[in-house]
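Secondary and tertiary structure notes
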Amino acid sequence: MLKTRFKSISSPFPWGGVGGGLLILFLLTSCFGGKETTSAGGELTGSRGRSFSEPAPYGMVMVKRGHLKMGLETPDSLWGRETPLRDISVDGFWMDDTEITNSEYRQFVYYVRDSIIR
C-alpha cells in the first residue's frame, strides 16, 4: 500500500464550505451598502435643514467669546520692565450663575472625598 504525503485540501475557515463563503459575502456587502455611506463618504451627518442649538445647562450662564488687551501700556515704575501689550481672545464658555467662596468649595471637595471613601 502506497502512502501519500499530501493531506486533503480543506477550507481555511472553521465554518468552511459554501455556507462560509455566503457568510463572508453577506458581511462584505453589508459593510459597503446603503445610502448613508454614499452621501458623505461614510459619515452619518444627521437630518438636513435643521440646525442644532445647545440647550442651556441648569444653573449656568453662557459667557460669549471675545477679546481683550492684556499688559501695561506704560512701563512698570517699580521694576522698570517693559511689558508688551498683547491681544488675547477667549472662546465662549459656560459659567455657574451662583458665586461661591474658596472655603465653600473646599467644604464641597471634602464632602465629596469623604463620601467616596465610605
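Residues numbered from 1 in each chain as written. Predicted model: local features only at pLDDT ≥ 70, side-chain atom pairs only at ≥ 80, totals over all residues. Heavy atoms only, no water.

1. What to know about the overall build of the protein chain
Counted only if it meets this: Elements are defined by DSSP. Helices are runs of H or I of four residues or more, strands are runs of E of two residues or more, and each kind is numbered from the N terminus. Partly exposed describes any residue whose relative accessible area lies between the buried limit of under 20% and the exposed limit of over 50%, with all areas from a 1.4 Å probe on protein chains only and scaled to the type maximum. Contacts are assigned to residue pairs that have any heavy atoms within 4.5 Å of one another. Methods summary: accessible areas were calculated by the Shrake-Rupley approach with a probe of 1.4 Å, and residue burial reflects only the protein chains presented.
A tally of helices and strands in the protein chain yields three helices and four strands. Counting all 118 residues of the protein chain, 2% fall into the buried class. Partitioning the intrachain contacts of the protein chain with sequence separation of at least 6 by distance along the chain shows that 49% fall at a separation of at least 24. A total of about 12200 Å² of accessible surface is found on the protein chain, and carbon and sulfur atoms cover 59% of it.

2. Details of the packing of aromatic side chains
Quick reminder of the rule: Between the rings of Phe, Tyr and Trp (Trp by its six-membered ring), a pair exists once the centres lie within 6.5 Å; its type follows the angle of the planes, with under 30 degrees stacked, over 60 edge-to-face, and the other angles tilted.
This model, assessed by the stated rule, comprises one aromatic pair. Arranged with centres 6.3 Å apart and planes meeting at 40°, the rings of Tyr105 and Phe108 form a pair that is tilted. One end of the pair is Tyr105 and the other is Phe108, both in helix H3 (residues 102-117) and three residues apart, which spans about a single turn. The exposure class assigned to Tyr105 is partly exposed, which follows from its relative accessible area of 48%. In this structure Phe108 comes out as partly exposed when scored by relative accessible area, which is 48%.

3. Here's the deal with the pattern of salt bridges
This is how it is decided: By salt bridge we mean one thing: a side-chain nitrogen of Lys or Arg within 4 Å of a carboxyl oxygen of Asp or Glu.
This structure, assessed with the given rule, holds two salt bridges. With a closest N to O distance of 3.5 Å, Asp87 and Lys69 form a salt bridge. Pair noted here: Asp87 is in strand S3 (residues 86-90) and Lys69 is in strand S2 (residues 66-70), with a separation of 18 residues, a long-range link. In this structure, Asp87 and Lys69 share a single accessibility class: exposed. Residue Asp114 pairs with Arg113 through a salt bridge whose shortest N-O separation is 3.9 Å.

4. A few points about a nonpolar patch on the surface
Rules: Patches here are clusters of residues that have more than 30% relative accessible area and form no salt bridge, with a 9 Å joining cutoff for like charges and a 5 Å cutoff for nonpolar side chains (Val, Leu, Ile, Met, Phe, Trp, Tyr).
Taken together, the side chains of Leu68, Met70, Val90, Phe93 and Met95 define a hydrophobic patch exposed on the protein surface, amounting to about 430 Å² of accessible area. Topologically, Met70 is positioned in strand S2.

5. With respect to the environment of Glu73
Mapping Glu73 onto the fold places it in the loop between S2 and S3. Sequence-wise, Glu73 and Leu85 are twelve residues apart; in three dimensions their C-alpha atoms are separated by 6.5 Å.

6. Thoughts on the confidence of the model for the protein chain
How we decide: Every residue is assigned a pLDDT by the predictor, reflecting its confidence on a scale from 0 to 100.
In this model, the protein chain carries an average pLDDT of 76, and 66% of its residues clear a pLDDT of 70 or more. Mean pLDDT values for the elements of the protein chain range from 50 in helix H2 (residues 35-39) up to 92 in S3.

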